[in-house]
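Each chain, written out:
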Amino acid sequence: MPGLAVTPDMTAPSLALAGLVAPAQAALLGSQVGQLLVALVAVALIIVVGKFVLKLAWRLVTIGIVVVAAFYLLSTLGVV
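Residues numbered from 1 in each chain as written. Predicted model: local features only at pLDDT ≥ 70, side-chain atom pairs only at ≥ 80, totals over all residues. Heavy atoms only, no water.

*Asks:* Looking at this structure, how should I read the overall build of the chain?
*Replies:* Per the secondary structure count, the chain includes two helices and zero strands. Taken across its 80 residues, the chain has 1% of its residues classed as buried. Here the chain has roughly 7,100 Å² of accessible surface; of this, 80% comes from carbon and sulfur atoms. (Helix = DSSP H or I, 4+ residues; strand = E, 2+ residues; numbered from the N terminus. Buried < 20%, exposed > 50% of the residue type's maximum accessible area, 1.4 Å probe, protein only. Areas by Shrake-Rupley, 256 points an atom, 1.4 Å probe, with all protein chains shown as cover.)

What follows is the structure in structure tokens.
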């Protein structure tokens, strides 16, 4: 990419953060129990997010059914 320049200030926070996170990650992911814990937490987060998305999807589907049924009924009666 022409005109793109990375200054030393741009990478300092990410390097500092990586320096702080790496030892904790190595300790947690270093054992099978730690890996299992991380996997279970990730699955729990996916389930919580999925539950919210499905709740929203059911509401949207229900609203769609009502709107389409009303339109169908009105068009059958010749109102629309």
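*Asks:* How should the UniProt feature "transmembrane region" (unreviewed entry) in the chain be read in this particular structure?
*Replies:* Residues annotated in UniProt with the feature "transmembrane region" (unreviewed entry) correspond here to residues 36-54 and 61-79. Split by type, residues 36-54 is 100% helix and 0% strand. Its first and last C-alpha atoms lie 26 Å apart. For residues 61-79, the helix share is 89%, the strand share is 0%, and the end-to-end C-alpha distance is 25 Å. (UniProt positions renumbered as here; feature names shortened; annotations may be inferred.)

*Asks:* When you look at a nonpolar patch on the surface in this model, what are you seeing that I'm missing?
*Replies:* Taken together, the side chains of Leu28, Leu29, Leu37, Val38, Val41 and Leu45 make up a nonpolar region of the molecular surface, amounting to roughly 500 Å² of accessible area. Using a relative accessible area of 48% as the deciding quantity, one classes Leu37 as partly exposed. (Patch = residues over 30% accessible without salt bridge, like charges linked within 9 Å, V, L, I, M, F, W, Y side chains within 5 Å. Salt bridge = Lys/Arg side-chain N within 4 Å of Asp/Glu carboxyl O.)

*Asks:* Could you clarify how one ought to interpret helix α2 (residues 32-77) in this entry?
*Replies:* Each α-helix winds once per 3.6 residues, and so residues spaced three or four apart point in a common direction. Along its 46 residues, α2 runs 66 Å from first to last C-alpha, staying within 8% of the 68 Å computed at 1.5 Å per residue. In terms of residue burial, α2 counts as a barely covered element, since only one of its 46 residues are buried. Directly after α2, the chain includes Gly78, whose backbone phi takes a positive value near 85°. (Expected span 1.5 Å × (residues − 1).)

*Asks:* Would you mind going over the environment of Val38 with me for this structure?
*Replies:* Its place among the elements puts Val38 in helix α2. Overall, the relative accessible area of 33% leaves Val38 in the partly exposed class. C-alpha separation for the pair Val38 and Leu28, spaced 10 residues apart in sequence, amounts to 8.1 Å. Excluding residues that lie within four positions of it along the chain, Val38 makes contacts with Leu28 and Leu29. (Contact = heavy atoms within 4.5 Å.)

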